[in-house]
Amino acid sequence: MKKVLLICESGISSNFLAKSARPFIELYDAKIELIPTNINNADTYLGDPIDLVLVAPQASYHKKELELFDRATQIKTIPDEIYGWANGEKLVKFIMAQLSPIGAA
């Protein structure tokens, strides 16, 4: 099971996006656990093994700050076309591409 941390400013949109992605995690039988949180609580999760950190576009200015907590974990900004429409299916496909050996390169 791969752990993916979803970060936004207040935690509302990351929770909504995670909720919209859950049916597609099941549909694609993706071994993904989504952990939605806000930027202020992100450091509590970064101490745990996290496979991917996804940051909402409006919070992407925090990426450097997040990299200071964990230099080994891949940190990506959620593409606007996924985030803006809360497209759970595209989010799951994006995550699977990032976690695949080819996507991680």
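As shown above, the structure is provided for reference.
Structural notes, computed from the coordinates. What you see is a predicted model, and the numbers here were worked out from it, not measured in a lab.

Procedures and definitions
Residues numbered from 1 in each chain as written. Predicted model: local features only at pLDDT ≥ 70, side-chain atom pairs only at ≥ 80, totals over all residues. Heavy atoms only, no water. Helix = DSSP H or I, 4+ residues; strand = E, 2+ residues; numbered from the N terminus. Buried < 20%, exposed > 50% of the residue type's maximum accessible area, 1.4 Å probe, protein only. Contact = heavy atoms within 4.5 Å. Core = buried A, V, L, I, M, F, W, Y, C linked by side-chain atoms within 4.5 Å. Polar contact = N/O pair within 3.5 Å; in protein donor to acceptor, adjacent residues only side chain to side chain. Pairing = 2+ DSSP bridges. Axes fitted to C-alpha atoms, helices over the stretch in contact; angles between N-to-C directions.

**Considerations on the overall build of the chain**
Argument step 1. Summing up its helical and strand segments, the chain has five helices and four strands in all.
Argument step 2. For the chain, the succession of helices and strands along the chain, N to C, is β-α-β-α-β-α-β-α-α.
Argument step 3. Counting only C-alpha atoms, the chain reaches 35 × 30 × 20 Å along its principal axes.
Argument step 4. For the chain, buried positions account for 41% of its 105 residues.
Argument step 5. Across the chain, the fraction of contacts at a sequence separation of at least 24, relative to all contacts at a separation of at least 6, is 65%.

**Comments concerning the nonpolar core**
As a rule of thumb, nonpolar side chains are buried together in soluble globular proteins.
Argument step 1. Judged by nonpolar contacts, the single largest core of 18 residues is most densely connected at V4, L6, I32, L34, L54, L91 and I95.
Argument step 2. The next biggest cluster of nonpolar side chains, apart from the first, holds twelve residues, and it includes L5, I7, L46 and V55.

**Quick word on the side chain of H62**
Argument step 1. Along the polypeptide, H62 turns up in the loop between strand 3 (52-55) and helix 3 (63-69).
Argument step 2. In this structure H62 comes out as buried when scored by relative accessible area, which is 10%.
Argument step 3. Side-chain polar atoms of H62 contact the side chain of E9, separated by 3.5 Å.
Argument step 4. When sequence neighbours within four positions are dropped, the list of residues in contact with H62 reads E9 and I39.

**Section: the sheet that holds strand 4 (residues 74-77)**
Argument step 1. Spatially, the four strands line up as an open sheet ordered 2-1-3-4, and their pairing is parallel. The open sheet has two edge strands, strand 2 (32-38) and strand 4, and neither has a second partner. Averaged over all pairs of adjacent strands, the angle between strand axes in this sheet comes to 25°, irrespective of strand direction.
Argument step 2. Where strand 1 (residues 2-8) meets strand 3, four bridges bridge the pair, whose relative direction is parallel. Looking at strand 3, one finds that L5 is bridged to V53.
Argument step 3. Where helix 1 (residues 12-27) meets the sheet, its contacts fall on strand 1 and strand 2, and the angle it forms with strand 2 comes to roughly 170°.
Argument step 4. Lying over the sheet, helix 5 (residues 88-99) contacts strand 1, strand 2, strand 3 and strand 4, oriented at roughly 140° with respect to strand 3.

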